[in-house]
Amino acid sequence: MCSLAERELTFELPVQAGAVAEFAAAVGEDNQIYFDEDAARLSGMPGIVAPPTFSVRQIYAVPREEREERLGANLDYGRVLHGEQEFVYARLPAAGEVLTGTMRVARDVSKEGTRGGSMRIVTYETRFTDVQGDEVLTSSYTLIETSKDPSNSEETP
Amino acid sequence: MSEPARITMDGVTPGMDLAEVVFGPLSRDDIQRYAHASGDFNPIHRDEDYARAQGAPTVFAMGMLPAGYLAHAVSDWFGGPQRLRRFKVRFTTRVWPGDVLVCAGRVLVIEDGLVKTTIEARRRGDGPAGLDLPEEEIAIAGEADIELPE
């Protein structure tokens, strides 16, 4: 069954240098392009850039409750796992800019499980654009709602 | 972490293995630091009682933390993150405090100006008492595409 929500949700993702440094440190980075303007320029970047998975910070702008309320996927989070995550990049976010995120439900399908029961797979896709309206990156956040207790798998934000 | 072997693009060939990069062992503080950095404050990653009430023996890492380390490894293999064009991961098992993360990859093919790789992060460690986990298992598996320089 397929019941794609048509609604979109738009929000801002500020890329502050402090948040970039905090995020980079949290994934063990020591590459100075995340911390130091001069080092970033020496590496051919216009300035400090954000690490590849930085845009997960969109949860600060759109917490789960708001996402569910506005996009209406109606998932039961007691049975939901983070199944997959994909990022497609035109470029990395740059410190100092504010990206615009547009989120929608890109996929909502139900499948029969291999061990009985069914599962529902929902992908929230967020396209991030810059102030010129150009593509920066697209993030696809795929959740799996199981019909059984998900205690052996990944939890979700 | 161990020092990654940075490779040059003209040295990339299909089938080549990317040198393992090891992170950790992961601490509860690392998980807390990532919670603040990412905005993922799900209590299952910080509150022991809550985690147990949800059927987990203790707290565990949010999947995007080891995924972030894996993206870090991919960036280091290819001389920085700036030529990364796609990064996709599937989460296959939880990562626990005390786990070491072993990031590995292989070049699959070079086509359309992209180096296409398969990547994985394995958790290595005893895991929480009572779970009887394998000493080492794949926690994340995926793919990364890196653009060749002009």
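Residues numbered from 1 in each chain as written. Chains lettered and ligands numbered in written order. Predicted model: local features only at pLDDT ≥ 70, side-chain atom pairs only at ≥ 80, totals over all residues.

## Concerning the nonpolar core
And step 1. Counting 63 residues, the largest nonpolar core has Val20(A), Tyr69(B), Leu70(B) and Val74(B) as the members making the most contacts within it.
And step 2. If near-sequence neighbours (up to four positions away) are discounted, Val20(A) is found in contact with Val15(A), Tyr34(A), Ile48(A), Ala50(A), Phe54(A) and Ala95(A).
And step 3. Counting six residues, the second-largest nonpolar core is a separate cluster that includes Met103(A), Val122(A), Tyr124(A) and Tyr141(A). (Core = buried A, V, L, I, M, F, W, Y, C linked by C-beta atoms within 7 Å. Buried ≥ 20, exposed ≤ 12 C-beta atoms within 10 Å, placed from the backbone. Contact = placed C-beta atoms within 7 Å.)

## Comments concerning the interface of chain A and chain B
And step 1. Counting residues at the interface gives 31 residues for chain A and 34 residues for chain B.
And step 2. Only α1 (17–26), α3 (58–61) and β2 (80–89) of chain A provide two or more residues apiece to the side of chain A that touches chain B.
And step 3. When residues in the side of chain A that touches chain B are grouped by element, the largest group, eight residues, is from β2(A).
And step 4. Here the residues of the side of chain A that touches chain B sort into 15 nonpolar, eight polar and eight charged. (Helix = DSSP H or I, 4+ residues; strand = E, 2+ residues; numbered from the N terminus. Nonpolar A, V, L, I, M, F, W, Y, C, P; charged D, E, K, R; others polar.)

## Things to note about the environment of Glu97(A)
All names here are of chain A.
And step 1. Note on placement: Glu97 falls in the loop between β2 and β3 (98–112).
And step 2. Separated by 34 residues in sequence, Glu97 and Val131 place their C-alpha atoms 7.9 Å apart.
And step 3. Setting aside anything within four residues of it in sequence, one finds Glu97 in contact with Val15, Asp130 and Val131.

## Some words on the pairing of strand β4 (residues 118–129) of chain A
Residue and element names in this part refer to chain A.
And step 1. Two strands pair when backbone bridges link them, and β3 and β4 are joined in this way by twelve bridges, in the antiparallel orientation. Within the sheet, the bridge partner assigned to Val109 lies in β4 and is Ile121.
And step 2. In this structure, β4 lies alongside strand β5 (residues 135–146), joined through eleven bridges in antiparallel fashion. Across the sheet, the residue bridging to Thr126 is Ser139, located in β5.
And step 3. Counted along the chain from β4 to the antiparallel partner β5, the turn is five residues long, and its residue Gly133 has a positive phi close to 90 degrees. (Pairing = 2+ DSSP bridges.)

## A few points about helix α1 (residues 28–38) of chain B
And step 1. Looking at α1(B), one finds that the buried residues are Ile31(B), Tyr34(B), Ala35(B), Ala37(B) and Ser38(B).
And step 2. Buried-residue contacts for α1(B) involve α1 and α3 of chain A together with α3 (64–77) of chain B.
And step 3. Positive phi appears at Gly39(B), one or two residues downstream of α1(B), with a value of about 90 degrees.

## Structural notes on unusual backbone geometry
And step 1. Going from Gly24(B) to Pro25(B), the amide bond is cis rather than trans, its omega being 5 degrees.
And step 2. Positionally, Pro25(B) belongs in the loop between β1 (17–23) and α1.
And step 3. Residue Asn74(A) is not a glycine yet carries a positive backbone phi of 55 degrees.
And step 4. The topology assignment puts Asn74(A) in the loop between α4 (64–71) and β2.
And step 5. Overall, Asn74(A) belongs to the partly exposed group, with 13 C-beta atoms counted inside 10 Å.
And step 6. Positive phi is not limited to glycine here, since Asp112(B) has a value of about 55 degrees.
And step 7. When you line up the elements, Asp112(B) lands in the loop between β3 (100–111) and β4 (114–124).

## Here we look at the packing of α1(A) against α1(B)
Pairs of packed helices are described in terms of their axes, by the angle between the two and the distance that separates them.
And step 1. Axis separation between α1(A) and α1(B) bottoms out at 9 Å; the angle between their running directions is 150 degrees. As summarised for this structure, α1(A) and α1(B) are arranged roughly antiparallel, according to the angle between their axes. For the element pair α1(A) and α1(B), the recorded crossing hand is left-handed. Taken together, the residues of α1(B) that come into contact with α1(A) (itself represented by Glu22(A), Phe23(A) and Ala26(A)) are Arg33(B), Tyr34(B), His36(B), Ala37(B) and Ser38(B).
And step 2. A per-class count over the contact of α1(A) with α1(B) returns four nonpolar, two polar and two charged. (Axes fitted to C-alpha atoms, helices over the stretch in contact; angles between N-to-C directions. Parallel < 35°, antiparallel > 145°, perpendicular 65-115°, else oblique. Left-handed = near helix turned anticlockwise from the far one by under 90°.)

## Quick notes on the confidence of the model for chain A
And step 1. The predicted model of chain A has a mean per-residue pLDDT of 90, with 89% of residues at 70 or higher.
And step 2. Model confidence for chain A, summarised as mean pLDDT per element, is weakest for α4(A) at 88 and strongest for α1(A) at 98. (pLDDT = per-residue confidence, 0-100.)

## Some details on the sheet that holds strand β5 (residues 136–147) of chain B
And step 1. Read from one edge to the other, the open sheet built from ten strands follows the order β1(A)-β3(A)-β4(A)-β5(A)-β2(A)-β2(B)-β5(B)-β4(B)-β3(B)-β1(B), with strand pairing classed as antiparallel. In this open sheet, the two strands that pair with only one neighbour each are β1 (8–14) of chain A together with β1 of chain B. Each neighbouring strand pair of the sheet contributes to a mean axis angle of 20 degrees, computed without reference to strand direction.
And step 2. Bridging between strand β2 (residues 84–91) of chain B and β5(B) involves seven bridges; their strand directions are antiparallel. Looking at β5(B), one finds that Arg86(B) is bridged to Asp145(B).
And step 3. Sheet contacts for α4(A): β1, β3 and β4 of chain A; angle to β1(A), the most-contacted strand, approximately 150 degrees.
And step 4. Contacting β2 of chain A together with β1, β2, β3, β4 and β5 of chain B, α3(B) crosses the sheet at an angle of about 50 degrees to β3(B).

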